[in-house]
Amino acid sequence: MSIQRHLNALNDTLAKRSQIRQEYPDLSQHNNHMAKVLTLEMYANLRDKQTPSGFTVDDVIQTGVDNPGHPFIMTVGCVAGDEETYEVFKDLLDPIIEDRHGGYKPTDKHKTDLNPDNLQGGDDLDPNYVLSSRVRTGRSIRGFCLPPHCSRGERRAIEGLSVEALGALDGDLKGKYYALKDMTEEEQQQLIDDHFLFDKPVSPLLLASGMARDWPDGRGIWHNDNKTFLVWVNEEDHLRVISMQKGGNMKEVFTRFCTGLTKIEELFKEKGHEFMWNEHLGYVLTCPSNLGTGLRGGVHVKLPNLSKHEKFGEILKRLRLQKRGTGGVDTAAVGGIFDISNADRLGFSEVELVQMVVDGVKLLVEMEKRLEAGQSINDLMPEQK
Amino acid sequence: MGLNNFINCLTAPSTTFIWRDLVCFCRVKMASSFARVLSSKRKVGILSLVGAGSLTVGFFLNREQHVNAGAHVRRIYPPSAEYPDLRKHNNCMASHLTPAVYAKLSDKTTPNGYTLDLAIQTGVDNPGHPFIKTVGMVAGDEESYEVFAGIFNPVIKERHNGYDPCTMNHPTDLDASKIRGGQFDDKYVLSSRVRTGRSIRGLSLPPACTRAERREVERVVIDALAGLKGDLAGKYFSLTLMTEQEQQQLIDDHFLFDKPVSPLLTCAGMARDWPDARGIWHNNEKTFLVWVNEEDHTRVISMEKGGNMKRVFERFCKGLQEVERLIQEKGWEFMWNEHLGYILTCPSNLGTGLRAGVHVTLPRLSKDPRFPKILDNLRLQKRGTGGVDTAAVGNTFDISNLDRLGQSEVQLVQTVIDGVNYLIECEKKLERGQDIKIPAPISQFK
């Protein structure tokens, strides 16, 4: 019978080997970070692994398989289903993180700095040009699965914990929660008018990862009475935290941002919960592109002349800034008004990133004024940061 | 060479041809060996109760458990905390998924790991429409209908007008010689078509299949289709490999199907990995068409211009029986049982999975206020000529059978034939200025 046993084992081994190849996705048409990195060998090694909550490599890469990408825009193509994803699937995610975050190595340490006093200046961006200032980040509650993977019970628990914590904020942070499924018509209209309301994701990048399941269950918007501090619950991350106001006082925006975040973190800790964070990846979020600070600090700024300058792209690059349209990611600029924000997320602290925005935007506005006056900007060209 | 060497040799990528021969030599039934290897594809994660014993307060206990990130195991909540909010929903799943039913089924899984939450996801994500009641759930594999019978059975009963899978048997009859009549007046009937679906036993259905399973479905099906001869001989066009010219030709022939956009389908996970392992096969005469891995493993369509429904159904039966014979030669079979008939992804397609219909021009009858009632009594439905959820263009309608389960293929096609004949008679009467009558309702389960 040993021949039969051998043949059975052989059958299984061959079937398994062939099965791995049969499971390996066809990435020949793809252009995203996941497709660049995921070889057959790597896939074979990761296929038998799963995080303690059951998230598999197929779950991680589904969005990247379903969305081949664009020749010009390099998407990430992966998501995390829980905090452990970044550990269990580090063979896949580390090179992606390195590629996406400017060479950030698996051994690098990320610095967190939410002390607004460390920000120099930032309170005097010219409001004739800088129409509004905004800083956003995300936070995940440790011990819960992330939006691609969480169950309804988990999502509701996250909502419950968040609403409880936010309900304890006071002073200028005091506010109110609006659950998406319970809001009245009037509340909905007000939130739309305030540009606060978020809707069910339509981007196939998000849908394919399962983040929109059970919509709108467990989702909602919290904002303070002054409408300067806003939290999204259970959209693309557990929490998205936004501080914003009209005009160019980024310092004030950032101060409120840091104060609010720190207070929220304290409130969670009082109840025995903490945010997902480690000294290598900083704050852990659903998309690898948002690791580290998860911070996008930016302004809506009028740059009609500078934006037409041939060196505009190069200037932004050297300042480590990126431009978007005023509708946010993947929109076009309207009337010469651009959304200018930091390009980096990981490897720089919150203070460092907002400093780059503050210093960079100041320079951009100066350049704009020069061009308005018909003068050259060559002497203002920055070095690569 | 020693056995170990031999094994090492065979695991090298280049020697798959030897594997095929060897597998033929020493294999067990193909479907079950594949399923055996695959059954480990998803182990349900380690589950532990947070706050053991306490139902309501349990979420916030056991702080020690989540101080270290690595110690996290999946939180389990009681069914009452997981139960979906269906208050705004209007679909069959929502009508029957009570908290009690949910609690009873929520911790069960099929052998492949398919869960209740997966089955109902599409119905949770798509609350439905006040006028159109969708099904709101899908099967991930054949066993879903068994493991989750507690919710599937009432849904099936509602959708299929009282058919009870527990007590009733579904008749299968693909003997086209039993059809009486079936050649319509070409002046009225522009085209005739019969479609159904078939699933390959042992492989998961589109909502749940892995890439390997889907590719295996494709391989098994196109292997069988390649064995068709005579008027059924044809060619396969893989969605990933087709050329621009082939694509254009398939569009011109109205054969090409695209990635689903309906959230009813995408929320069920059927569009994953698109367009991998999807394709279209059709015979050279373009009268017999098979879709591979769209909403079901296969969708089989027989059609032609004009009113010869009998011939369309003959080809339909012959093609289906041939394909079945060919897959059986290789050790595969279709999913079928005596209560539910042919097993497909959507419960609405159980039984025969059959929709037989015509494009028919009825300018006078369609304007008669009795038209809907006549259709209803004949157990027919009308759609626009673009198919489901489209409007009629001009006076041409798609008229087809309402029922799928509880009557055989022959019975349903006969119903369509008799019904369409009646409709044409009505149209002719109205042409002559005569009055028409609403027919007596025909019985459902024969």
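Everything numeric in this text was worked out from a predicted model, so none of it was measured.

S.K.: How would you explain the overall build of chain A if you had to name every residue and give the values?
M.R.: In terms of helices and strands, chain A carries 12 helices and 10 strands. Over its C-alpha atoms chain A spans a radius of gyration of 23 Å, differing by no more than 12% from the 21 Å that the globule rule assigns to 385 residues. Each of the three principal axes of chain A carries a C-alpha extent, and together these read 90 × 50 × 40 Å. Expressed as a percentage of the 385 residues in chain A, the buried residues total 57%. Here the contacts in chain A between residues at least 6 apart in sequence split such that 73% fall between residues at least 24 apart. Summed over all atoms, the accessible surface of chain A reaches about 15600 Å², with 51% contributed by carbon and sulfur. The average position of the 47 basic charges and that of the 59 acidic charges among the side chains of chain A differ by 2 Å.

S.K.: I'd like to hear about the pattern of salt bridges, residue by residue, with values.
M.R.: For the structure on display, the rule yields 53 salt bridges over all chains. Among the salt bridges present, the one from A:R318 reaches A:E314, with a minimum N-O distance of 2.8 Å. Here A:R318 pairs with A:E314, and both are found in helix 11 (residues 312-319), just 4 residues apart, close to one helical turn. Here A:R318 falls in the partly exposed class, since its relative accessible area comes to 25%. Here B:D403 ties to B:R379 by a salt bridge, and the two come within 2.8 Å at their closest N and O atoms. Taken as a pair, B:D403 in the loop between strand 12 (396-401) and helix 15 (409-431) and B:R379 in the loop between helix 14 (371-377) and strand 11 (380-383) lie far apart in primary sequence, 24 residues in all. Of the residues examined, B:R379 reaches a relative accessible area of 12% and is grouped as buried. Within the structure, one salt-bridge network assembled from shared partners comprises A:E23, A:R47, A:D58, B:R211, B:R214 and B:D273.

S.K.: So what's going on with the side chain of B:S238? Which residues, and what values?
M.R.: Residue and element names in this part refer to chain B. Counting through the fold element by element, S238 comes out in strand 4 (residues 234-238). Look at S238 and you get buried, because its relative accessible area is 11%. Among the polar contacts made by the side chain of S238, one reaches the side chain of T240 at a distance of 2.8 Å.

S.K.: Pulling in residues and values, what's your account of the sheet that holds strand 10 (residues 355-361) of chain B?
M.R.: All names here are of chain B. Spatially, 4-5-6-7-3-10-12-11 is the arrangement adopted by the 8 strands of the open sheet, whose pairing is antiparallel. Each of the sheet's edge strands pairs with one partner strand only, and the pair in question is strand 4 and strand 11. Each strand axis lies, on average, 20° off the axis of its neighbour in the sheet, ignoring direction. In this fold helix 13 (residues 309-329) packs onto strand 3 (189-198), strand 6 (288-292), strand 7 (298-305) and strand 10, with an angle of close to 20° to the strand it touches most, strand 3.

S.K.: If you had to explain the nonpolar core to someone new, which residues and values would you point to?
M.R.: Ranked by size, the top nonpolar core spans 61 residues in total, and within it A:V231, A:M250, A:I340 and A:L364 carry the most contacts. No other element matches the 11 residues that helix 12 (residues 350-372) of chain A contributes to this core. Counting residues in hydrophobic clusters, the runner-up holds 57 residues, among them B:A176, B:L203, B:L228 and B:V416.

S.K.: Describe in detail helix 9 (residues 149-159) of chain B, supporting the description with residues and values.
M.R.: Residues and elements named next belong to chain B. For helix 9, the complete set of buried residues consists of A149, I151, F152, N153, V155 and I156. The elements touched by buried residues of helix 9 are helix 5 (92-96), helix 6 (99-105), helix 7 (116-125) and helix 8 (144-147). Once helix 9 finishes, N161 follows within two positions and takes phi at roughly 55°, a positive value.

S.K.: Give a description of the UniProt feature "domain: Phosphagen kinase N-terminal" (unreviewed entry) in chain A that names residues and reports values.
M.R.: When the UniProt feature table is mapped to this numbering, "domain: Phosphagen kinase N-terminal" (unreviewed entry) covers residues 16-102 of chain A. For the annotated span residues 16-102 of chain A, helix accounts for 52% and strand for 0% of the residues, and the straight-line distance between the end C-alpha atoms is 37 Å.

S.K.: Would you mind going over the sheet that holds strand 1 (residues 130-139) of chain A in detail, with residue names and values included?
M.R.: Residue and element names in this part refer to chain A. Across the sheet, 8 strands lie side by side as 2-3-4-5-1-8-10-9; this open sheet has antiparallel pairing. On the outer flanks of this sheet lie strand 2 (175-179) and strand 9 (321-324), each paired with one strand and no other. Strand-to-strand twist in this sheet, taken as the mean axis angle between neighbours without regard to direction, amounts to 20°. Bridge count for strand 1 against strand 8 (residues 296-302) is 6 bridges, and the pairing is antiparallel. Across the sheet, residue R136 finds its bridge partner in strand 8, namely R296.

S.K.: Now, about the packing of helix 10 (residues 211-225) of chain B against helix 13 of chain B: what can you tell me, with residues and values included?
M.R.: Residues and elements named next belong to chain B. Viewed as axis vectors pointing N to C, helix 10 and helix 13 meet at an angle of 115°, and their least axial separation amounts to 9 Å. Seen along the crossing, helix 10 lies across helix 13 with a hand that is right-handed. Listed contacts from helix 13 to V220, A224 and L225 of helix 10 are V323, L326 and I327. For the contact of helix 10 with helix 13, the class distribution of residues is 6 nonpolar, no polar and no charged.

S.K.: I'd love a proper account of the environment of B:C166, names of residues and values included.
M.R.: Position of B:C166 relative to the elements: it lies in the loop between helix 9 and strand 3. For the pair B:C166 and B:A100, spaced 66 residues apart in sequence, the C-alpha to C-alpha distance is 20 Å.

What counts, and at which threshold
The residue numbering used here restarts from 1 in each chain and proceeds along that chain's sequence as written. Think of it this way: whatever chain is written first is A, whatever ligand is written first is 1, and the rest follow in order. pLDDT decides what is reported in this predicted model: residues at 70 or higher carry local features, side-chain atom pairs at 80 or more are listed and counted, and totals for whole chains, interfaces and linings draw on all residues regardless. Hydrogens and water are ignored here; the side-chain numbers use all heavy atoms of the structure. Numbering of helices and strands starts at the N terminus; helices are DSSP runs of H or I of at least 4 residues and strands are runs of E of at least 2. Values of the radius of gyration come from C-alpha atoms, whereas the globule rule sets the reference at 2.2 Å times the count of residues to the power 0.38. For the exposure calls, accessible area comes from a 1.4 Å probe over protein chains only, and a residue counts as buried if that area is under 20% of its type's maximum, exposed if over 50%, partly exposed in between. Between two residues, a contact is recorded if the distance between any of their heavy atoms is within 4.5 Å. For accessible areas, the Shrake-Rupley method is used with a probe of radius 1.4 Å. Any residue's cover is judged against the shown protein chains and nothing else. His is not counted here, nor are the chain ends, while Lys and Arg score as positive and Asp and Glu score as negative. Here the site of a charge means NZ on Lys, CZ on Arg, CG on Asp, or CD on Glu. Counted as salt bridges are all cases of a side-chain nitrogen of Lys or Arg within 4 Å of a carboxyl oxygen of Asp or Glu. Whenever two N or O atoms come within 3.5 Å, that pair is a polar contact, provided that in protein one can donate a hydrogen and the other can accept it, and provided that, for residues adjacent in sequence, both atoms are side-chain atoms. Here a strand pair is declared whenever DSSP counts at least two bridges between the two strands. Here the axes come from fitting lines to C-alpha atoms, over the contacting stretch only for helices, and the angles between their N-to-C directions go from 0 to 180 degrees. Here, nonpolar core refers to any group of buried Ala, Val, Leu, Ile, Met, Phe, Trp, Tyr and Cys residues whose side-chain atoms link them within 4.5 Å. UniProt positions are given in the numbering used here, feature names are shortened, and annotations may be inferred rather than shown by experiment. Helix crossings are classified by the rotation of the near helix relative to the far one: an anticlockwise turn of less than a right angle makes the crossing left-handed, while a clockwise turn makes it right-handed. Residues are sorted three ways: Asp, Glu, Lys and Arg are charged, Ala, Val, Leu, Ile, Met, Phe, Trp, Tyr, Cys and Pro are nonpolar, and all the rest, Gly among them, are polar.

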